[in-house]
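Residues per chain are reported as follows:
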Amino acid sequence: MAELHVELVAADRKVWSGAATIVVARTASGDTGIMPGHTPVLSVLETGPVTIRTTDGGTVIAAVHGGFISFADNKLSILAEIAELADEIDIARAQRALDQAQSELDEHAQRRAEVRLFAARGLKAHA
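Fair warning: this is a prediction, and the values are worked out from it, not measured in the lab.

Engineer: What is the right way to read the side chain of Ser43 from this model?
Structural biologist: The topology assignment puts Ser43 in strand β4 (residues 41-54). With near-sequence residues (within four places) excluded, Ser43 lies in contact with Thr27, Ala28, Gly67, Phe68 and Ile69.

The structure is reproduced here in structure tokens:
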């Protein structure tokens, strides 16, 4: 089975590393899927979920806020300003953040909270 090596790194820590069959991330040009053998890519990451399908059939979902994605020679680097794995996200806290952002009409905070909730709930849907 063809695989690519993935490194998901936030500004403050290494978030996840391993082998995958496909990674889907939100970039400035839309959702981008990267599979082994993909043409080289360098793009800006948008706030959105990153979904990693691991070679053992598992799924890793992270909420990512800004950064860059780079792919060459079957090595994918996701360099995020902020990244949280779905199982690290407190759903109740994320829901409170969303409610507050909506009441304050803060679109950026609302998008961040929505992505965190999507990631956390998406993981439970794949479990």
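After presenting the structure, the write-up continues.
Engineer: How do you make sense of the pattern of salt bridges when you look at a structure like this?
Structural biologist: A pair can form between side chains of opposite charge whenever their charged atoms are brought close. This model, assessed by the stated rule, comprises 4 salt bridges. Notably, a salt bridge pairs Glu88 with Arg13, separated by 2.6 Å at the nearest N-O pair. Residue Glu88 is located in the loop between β6 (75-85) and α1 (91-103), and its partner Arg13 is located in strand β2 (residues 13-27); the two are separated by 75 residues in the primary sequence. Among the residues examined, Arg13 registers a relative accessible area of 30% and is labelled partly exposed. A salt bridge links Arg116 to Glu84; the shortest N-O distance between them is 2.7 Å.

Engineer: Sorry if this is basic, but what is going on with the nonpolar core here?
Structural biologist: Of all hydrophobic cores here, the largest spans 24 residues; its most connected members are Val6, Leu8, Val23, Ile52, Val64, Leu76 and Ile78. Breaking this core down by element, the ones donating at least two residues are β1 (4-10), β2, β4, β5 (59-72) and β6. Among residues more than four places away in sequence, those in contact with Val64 are Leu8, Leu45, Glu46, Thr47, Gly48, Val50, Ala80, Ile82, Ala83 and Val115. Grouped together as the second largest cluster of nonpolar side chains are 11 residues, Ile89, Ala94, Val115 and Ala119 included.

Engineer: Can you help me understand the environment of Ala63 in this one?
Structural biologist: Relative to the assigned elements, Ala63 resides in strand β5. In this structure, the C-alpha to C-alpha distance between Ala63 and Glu114, residues 51 residues apart in sequence, is 9.4 Å. If we ignore the near neighbours within four places in the chain, the residues touching Ala63 are Gly48, Ile82, Ala83, Glu84, Ile89, Val115, Arg116 and Ala119.

Engineer: In this structure, what is going on with unusual backbone geometry? I would like to understand it.
Structural biologist: One non-glycine residue with positive phi stands out, namely Asp73, at about 50°. Tracing the chain through its elements places Asp73 in the loop between β5 and β6.

Engineer: Just checking my understanding: could you explain the side chain of Thr27 for this structure?
Structural biologist: In this structure, Thr27 sits in strand β2. The exposure class assigned to Thr27 is buried, which follows from its relative accessible area of 3%. Looking at Thr27, its side chain comes within polar contact range of the main-chain oxygen of Gly30, at 2.8 Å. Engagement of the side chain of Thr27 in a polar contact is seen with the side chain of Thr32, the distance being 3.1 Å. Residues within four places of Thr27 in sequence aside, it is in contact with Thr32, Ser43, Val44, Leu45, Glu46 and Ile69.

Engineer: I'm lost on the layout of surface pockets in this one. Help?
Structural biologist: Its volume calculated, the largest pocket comes out at about 200 Å³. Residue lining of the largest pocket: His65, Ile82, Glu84, Ala97, Gln100, Ala101, Glu104, Asp106, Ala109, Arg112, Ala113 and Arg116, and that is the complete set. Broken down by secondary-structure element, the contributors of at least two residues to the lining of the largest pocket are β6, α1 and α2 (107-126). With 4 residues, the single largest contributor to the lining of the largest pocket is α2. When grouped by side-chain class, the residues that make up the lining of the largest pocket number 5 nonpolar, 2 polar and 5 charged.

Each value, and the rule that gives it
- Residues numbered from 1 in each chain as written.
- Predicted model: local features only at pLDDT ≥ 70, side-chain atom pairs only at ≥ 80, totals over all residues.
- Heavy atoms only, no water.
- Helix = DSSP H or I, 4+ residues; strand = E, 2+ residues; numbered from the N terminus.
- Contact = heavy atoms within 4.5 Å.
- Salt bridge = Lys/Arg side-chain N within 4 Å of Asp/Glu carboxyl O.
- Buried < 20%, exposed > 50% of the residue type's maximum accessible area, 1.4 Å probe, protein only.
- Core = buried A, V, L, I, M, F, W, Y, C linked by side-chain atoms within 4.5 Å.
- Polar contact = N/O pair within 3.5 Å; in protein donor to acceptor, adjacent residues only side chain to side chain.
- 1 Å grid on protein atoms, 1.4 Å probe; cavity = no way out; pocket = protein on both sides within 12 Å on 5 of 7 lines; lining within 4 Å.
- Points joined across faces, edges and corners; volume = space filled by probe spheres on them.
- Nonpolar A, V, L, I, M, F, W, Y, C, P; charged D, E, K, R; others polar.

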